[in-house]
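# Structure at a glance
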Amino acid sequence: MIATTNLTLQAGTKSLVNGLNWRALPGECWCVIGRNGVGKSTLLHALAGVRKPENGAVQFSGRLLSDWPLLELARQRALLPQRRSDAFGFCVLETVLAARHPYHAGASWEGADDHQTAMTALQAMDVADLAARDVRTLSGGERQRVALAAMLAQDAPIMLLDEPTSALDMAHQAAVMQWLSRLCQEQGKIVVLVSHDLNLVHDVATHALLLMGEGEWHTGRVDEVMNESLLSCCLGHPVERVLHGGRTLFVPSVRKQGGA
């Protein structure tokens, strides 16, 4: 379980999250929704322990985040940031193997099991054929799938992902979201993801956390909080809910001008 108690986050004098009391349980997939600059990435970093909150606490399995030794914490949660830079010419396989470091137990080199785990993750993300490539030569979408493969190889029970489908084509977007859903359903993972694509997340998420701005927030099951009224307020633009082919779709309303 991951939980927050009275979590408060700010950017300078701007209130991002005010007094968040929330928890996510094994098997749940949470989507974080909100406008640009409202604090979605900041919240994810606070949950991961790489950003100190102004107030409140984060707990994993009833244990304060600050009480987790770093290696244990790396086995407990995995973070996919929105941005990354590759300063060195590591190959794709080496990049994914780096995610196995928390399991080396003091060993200097990766073992055969680590290599197998890494290759299985690359295959799951459809980039196994790129294993020997320098990561600096990859396209944006290929690099994103390598990052997702590294997260899969880390094999943490809590997965925190900031826009995991960015730069991906439609087929790989759908595949990644289905993969995250299966990890929750079949392995009991906890997934917390930030996304601007309401339709992608609605298909797989069980719960939603809406950041409304000025520190306000709403949480609940997807069918409770992903409604036209709350989403329109959250995103600062009218949102319509449409049923099509058995799916629920969300589309921005077109604001007509001049009576046209």
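Quick summary incoming for the structure in this document. (Residues numbered from 1 in each chain as written. Predicted model: local features only at pLDDT ≥ 70, side-chain atom pairs only at ≥ 80, totals over all residues. Heavy atoms only, no water.)

### Focus: the sheet that holds strand E8 (residues 190–194)
The six strands are arranged E6-E7-E8-E3-E9-E10 in an open sheet whose pairing can be described as mixed. Strand pairing shows two members of the sheet lacking a second neighbour, strand E6 (77–80) and strand E10 (216–221), which therefore form its edges. For this sheet the average axis-to-axis angle between neighbouring strands, irrespective of direction, equals 15°. Here strand E3 (residues 29–33) pairs with strand E9 (residues 207–213) via four bridges, running parallel. Looking across to E9, one finds that Ile33 is bridged to Leu210. On top of the sheet, helix H9 (residues 228–235) reaches E3, E9 and E10; it is set at about 45° to E9, its chief contact. (Pairing = 2+ DSSP bridges. Helix = DSSP H or I, 4+ residues; strand = E, 2+ residues; numbered from the N terminus. Axes fitted to C-alpha atoms, helices over the stretch in contact; angles between N-to-C directions. Contact = heavy atoms within 4.5 Å.)

### What to know about helix H4 (residues 112–124)
If you check H4, its first and last C-alpha atoms are 18 Å apart, about what 13 residues at 1.5 Å a residue would give, namely 18 Å. Those residues of H4 lying buried are Asp114, Ala118, Ala121 and Leu122. Looking straight down H4, one finds its buried side chains confined to an arc of 100°; they lie on one side. Exposed side chains of H4 directed beyond 90 degrees from the buried face belong to Ala112, Asp113 and Gln123. Against the buried residues of H4 lie helix H3 (92–97) and helix H5 (140–154). With its phi angle positive at about 65°, Asp126 sits one or two positions after the end of H4. (Expected span 1.5 Å × (residues − 1). Buried < 20%, exposed > 50% of the residue type's maximum accessible area, 1.4 Å probe, protein only. Arc of directions from axis to C-beta.)

### Some thoughts on the environment of His45
With respect to the element layout, His45 can be found in helix H1 (residues 40–48). Look at His45 and you get partly exposed, because its relative accessible area is 26%. The spatial distance from the C-alpha of His45 to the C-alpha of Leu80 is 9.7 Å, given a sequence separation of 35 residues. Beyond its immediate chain neighbours, meaning those up to four positions away, His45 contacts Val50, Arg51 and Leu79.

### A few points about unusual backbone geometry
Located in the positive-phi region is Asp155, a residue other than glycine, with phi close to 55°. Along the chain, the position of Asp155 falls in the loop between H5 and strand E7 (158–162). Classification of Asp155 as partly exposed rests on a relative accessible area of 42%. Positioned with a positive phi, Ala167 is a non-glycine residue whose angle comes to about 75°. Within the fold, Ala167 resides in the loop between E7 and helix H6 (170–187). The exposed category is assigned to Ala167, whose relative accessible area is 60%.

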